[in-house]
Amino acid sequence: MPDAPRIAEDLTSLADLVEATAEDREAERPVFALIVEGQFVEDADLARLELSASRLLRCSFLASDFSNATFEDVAFEQCDFSNADFSSSYFLRCTFSSCRFVGADFSEAVFKHVSAGESTFQYASFSRGGFDCCSFADCDFSQASISEAEMKRFEIAGSKLANVDFFRTSLRDVDLSDNDIAGFLVSDTMRELDGCIMDPYQAASVARKLGIVVKE
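## Structural notes on the nonpolar core
Of all hydrophobic cores here, the largest spans 59 residues; its most connected members are Phe-71, Phe-106 and Phe-141. Contributions of two or more residues to this core are made by strand E3 (34–37), strand E5 (50–57), strand E7 (70–77), strand E8 (90–97), strand E9 (110–117), strand E10 (130–137) and strand E11 (150–157). The residues touching Phe-71, leaving out its near neighbours within four places in the chain, are Leu-49, Leu-51, Phe-66, Phe-76, Phe-86, Tyr-90, Phe-91, Leu-92 and Cys-94.

## Concerning the pattern of salt bridges
Going through the model one piece at a time under the given rule, you end up with 10 salt bridges. For Arg-58, the salt bridge is made with Glu-37, and the minimal N-O distance between the two is 2.1 Å. With Arg-58 in the loop between E5 and strand E6 (60–62) and Glu-37 in strand E3, the pair connects residues that are 21 residues apart, well separated along the chain. Its relative accessible area of 44% is what places Glu-37 among the partly exposed residues. The closest approach of N and O atoms between Arg-55 and Glu-77, which form a salt bridge, is 2.3 Å. One end of the pair, Arg-55, is in strand E5; the other, Glu-77, is in strand E7, with 22 residues separating them in the sequence. Overlapping salt bridges bring together Glu-72, Asp-73 and Arg-93 as one network.

Criteria and cut-off values
Residues numbered from 1 in each chain as written. Predicted model: local features only at pLDDT ≥ 70, side-chain atom pairs only at ≥ 80, totals over all residues. Heavy atoms only, no water. Core = buried A, V, L, I, M, F, W, Y, C linked by side-chain atoms within 4.5 Å. Buried < 20%, exposed > 50% of the residue type's maximum accessible area, 1.4 Å probe, protein only. Helix = DSSP H or I, 4+ residues; strand = E, 2+ residues; numbered from the N terminus. Contact = heavy atoms within 4.5 Å. Salt bridge = Lys/Arg side-chain N within 4 Å of Asp/Glu carboxyl O.

Quick look at the structure:
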């Protein structure tokens, strides 16, 4: 299981994360022990933000730029990052609770000791990204792209993976049995599924795609 975020007990409250961290981002200095609650902004530039030991509560950063950002020991709760750019970002010991990332770009992002619950990642892209010791529960990845990604110690349960693109992503040792995987996309050889775990109904569906007649 992922390690929990190590969040500071005394947090400094901010009304505007963008303005308050402008000089730090320009100087490439990390910021830590912050709590940001209820900020609503669109098209914000937070590229190269380095945030640690902090909490973001009920915030909305629609279509905002978090590319090359680093999040270490950060808890995200009831936040909306739809269509945001997290490309080449790095997450270490972070949690996502009831968050929205519809259409977000996580291409080449790295997730280590990250857990998410009841969050939406529809149409998001995780292409060429990496997951290590991550856990997702009751999440929606419908229509997302997780192609050419690397998964280690990856757990997912009660989630929607309908029409997810897993092209060239090995699912070895990943337990898919408690998830909706209808219409998932892989290569013609289905090599991505080698060593993954499915229930009998899922396995029968895969067999039919291979042209095997499954006797009921």
